[in-house]
Structure formats: structure tokens, C-alpha cells
Amino acid sequence: MFRSILNILLSGSSVSLATSIALSLLARAEGGSAVQPVNSTSHWYWGDRAARSRRMDMPHTVVGFVTHHGASLFWASFYELLRRYHPRRAALGDAAAISALAAFVDYVVVPRRLTPGWEKVVSPRAIGITYIVMALALAASPAWRGNGDRAQ
């Protein structure tokens, strides 16, 4: 049990960090502020003004990052569950499936107030790239934590 929780924490944290970096770089490339995607994630609490916040600040950045990190842990738990019960399947395939499911839920299933908010500050292309980064971070997480592609 402890190992499963640790794996979720490591996978989720790698997703959170990798996608935050990707979103920051993509936002800058598209002329926005590097912190805007993180801030925009706090729109569930602060409303649309969160996406207009271009500087790091306590209300928007902290709520946005904690929300994003929590969502990353949530999706990592499903990935780790797949890896635990299907360890012989390709990690990248499972990671891609979880990432696609996350994108579908985030932008089709949930109400607008509960989307990641990235659509307020970056292009659909950037959002797509971010979900690809999510899949790559999930698939890479077993390798960098030292247990290869084995599920624990």
C-alpha cells in the first residue's frame, strides 16, 4: 500500500511539474505570461479574472498550482492502477490512454467552471501538447524512480 501511494505521489508530481513547465513555455511562446496558465487554473475559485493575472501572486498562483497538482495526482492514481494490474502492457500506451481520458473529462465532461482554465490563456494546440507531455511524464515516471516498467 505504501509503495502504491509513493508511486502515485511520484508520478503525479512528475506530471504536475512537467505540464506546468510545458504550459509556461507555451504561454510565453504565444505572447502570454509564463505564470498565466497556472493562475488560470484557479478560475474555479476566482472566476475569469484568474486568467488575467499575469504575475505570480498568492491567491491565483497558489490556488492554481495546488489545484493542478491535485488533478495530476488524481490522474496518476488511475495510471498507477493500470500499471499495477496490467504490468506487461506498454507503459506509454497506458499513459496515453489516461492522458486522453483526462483531456476528454477536462474539456468535454466537466462544467466550464471546472476545466483546467488553460483555454483562457493558451491555444488549443498548446493544450494538446500539454496532454502529450502529461502522457510522456506518466510513462517515464517508473523509469526514473528506479523500478523500470514494473508495477509495485
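In what follows, the structure referred to is the one given above.
None of these values were measured; they are calculated from a predicted model.

What counts, and at which threshold
Residues numbered from 1 in each chain as written. Predicted model: local features only at pLDDT ≥ 70, side-chain atom pairs only at ≥ 80, totals over all residues. Heavy atoms only, no water. Salt bridge = Lys/Arg side-chain N within 4 Å of Asp/Glu carboxyl O. Buried < 20%, exposed > 50% of the residue type's maximum accessible area, 1.4 Å probe, protein only. Helix = DSSP H or I, 4+ residues; strand = E, 2+ residues; numbered from the N terminus. Expected span 1.5 Å × (residues − 1). Core = buried A, V, L, I, M, F, W, Y, C linked by side-chain atoms within 4.5 Å. Contact = heavy atoms within 4.5 Å. Polar contact = N/O pair within 3.5 Å; in protein donor to acceptor, adjacent residues only side chain to side chain. Axes fitted to C-alpha atoms, helices over the stretch in contact; angles between N-to-C directions. Parallel < 35°, antiparallel > 145°, perpendicular 65-115°, else oblique. Left-handed = near helix turned anticlockwise from the far one by under 90°. Nonpolar A, V, L, I, M, F, W, Y, C, P; charged D, E, K, R; others polar. Patch = residues over 30% accessible without salt bridge, like charges linked within 9 Å, V, L, I, M, F, W, Y side chains within 5 Å. Areas by Shrake-Rupley, 256 points an atom, 1.4 Å probe, with all protein chains shown as cover. Arc of directions from axis to C-beta. Phe/Tyr/Trp six-rings, centres within 6.5 Å; stacked < 30°, edge-to-face > 60°.

## A look at the pattern of salt bridges
Item 1. The tally for this structure, following the rule as stated, stands at 3 salt bridges.
Item 2. Between Arg89 and Asp94 there is a salt bridge, with its nearest N and O atoms 2.9 Å apart.
Item 3. The exposure class assigned to Asp94 is buried, which follows from its relative accessible area of 5%.
Item 4. Members of the salt-bridge network, linked through shared partners, are Arg83, Arg89 and Asp94.

## Some words on helix α1 (residues 2-29)
Item 1. When the terminal C-alpha atoms of α1 are compared, their 40 Å separation across 28 residues agrees well with the 40 Å that a helix rising 1.5 Å per residue should span.
Item 2. At the C-terminal side of α1, Gly31 shows a positive phi close to 90 degrees.

## Description of the nonpolar core
Item 1. Core analysis: the largest hydrophobic core is formed by 23 residues, its most contacted members being Val122, Met134 and Leu138.
Item 2. Among the secondary structure elements, those contributing two or more residues to this core are α1, α5 (58-85), α6 (91-109) and α7 (124-144).
Item 3. In terms of residues, this core owes the most to one element, α7, which gives 8 residues.
Item 4. Excluding residues that lie within four positions of it along the chain, Val122 makes contacts with Leu23, Ala27, Glu30, Pro37 and Ile127.

## Some thoughts on the side chain of His60
Item 1. Mapped onto the elements of the fold, His60 is located in helix α5.
Item 2. A distance of 3.5 Å separates the side chain of His60 from the side chain of Ser53, its partner in a polar contact.
Item 3. With residues near it in sequence (within four places) discarded, His60 still touches Val38, Asn39, Ser42, Trp46, Arg49, Ala50 and Ser53.

## Some words on the packing of α1 against α5
Item 1. The geometry of α1 relative to α5 is characterised by a closest axis approach of 7 Å and an angle of 130 degrees between their N-to-C directions. Judged by the inter-axis angle, α1 sits oblique to α5. By crossing handedness, the relation of α1 to α5 is classed as right-handed. Where α1 abuts α5, its residues Ser4, Asn7, Ile8, Leu9, Ser11, Gly12, Ser13, Val15, Ser16, Thr19 and Ser20 lie against Phe65, His68, His69, Ser72, Leu73, Ala76, Ser77, Tyr79, Glu80 and Arg84.
Item 2. For the contact of α1 with α5, a count of residues per class yields 7 nonpolar, 12 polar and 2 charged.

## Observations regarding a nonpolar patch on the surface
Item 1. On the surface, a nonpolar cluster with roughly 370 Å² of combined accessible area is contributed by Leu101, Phe104, Val108 and Val109.
Item 2. With a relative accessible area of 51%, Val109 lands in the exposed category.

## Focus on the environment of Arg3
Item 1. You can see Arg3 is positioned in helix α1.
Item 2. Along the backbone, Arg3 and Pro37 are 34 residues apart, and their C-alpha atoms lie at a distance of 32 Å.

## Some details on α6
Item 1. Counted at 1.5 Å a residue, the expected span for α6 with its 19 residues is 27 Å, and the 25 Å between its end C-alpha atoms agrees.
Item 2. Those residues of α6 lying buried are Ala91, Asp94, Ala95, Ile98, Ser99, Ala102 and Asp106. An end-on view of α6 places all buried positions within 130 degrees of arc, on one side of the element. Turned more than 90 degrees away from the buried face of α6 sit Val108 and Val109, all of them exposed.

## Notes on the packing of aromatic side chains
Item 1. Applying the stated rule across the entire model yields 7 aromatic pairs.
Item 2. Aromatic pair Trp44 and Tyr45: ring centres 5.5 Å apart, planes at 65 degrees, arrangement edge-to-face.
Item 3. A residue is classified by how much of its surface remains accessible, and Trp44, at 37% relative accessible area, is partly exposed.
Item 4. Residue Tyr45 is classed as partly exposed on the basis of its relative accessible area, which comes to 49%.
Item 5. Summarising the aromatic geometry, the rings of Tyr107 and Tyr131 are spaced 6.5 Å apart at their centres and angled 85 degrees between planes, so their arrangement reads as edge-to-face. With a gap of 24 residues between them, Tyr107 in helix α6 and Tyr131 in helix α7 connect regions that are remote in the sequence.
Item 6. The class of Tyr107 is partly exposed, set by a relative accessible area of 28%.

This is a description of form; function is not addressed.
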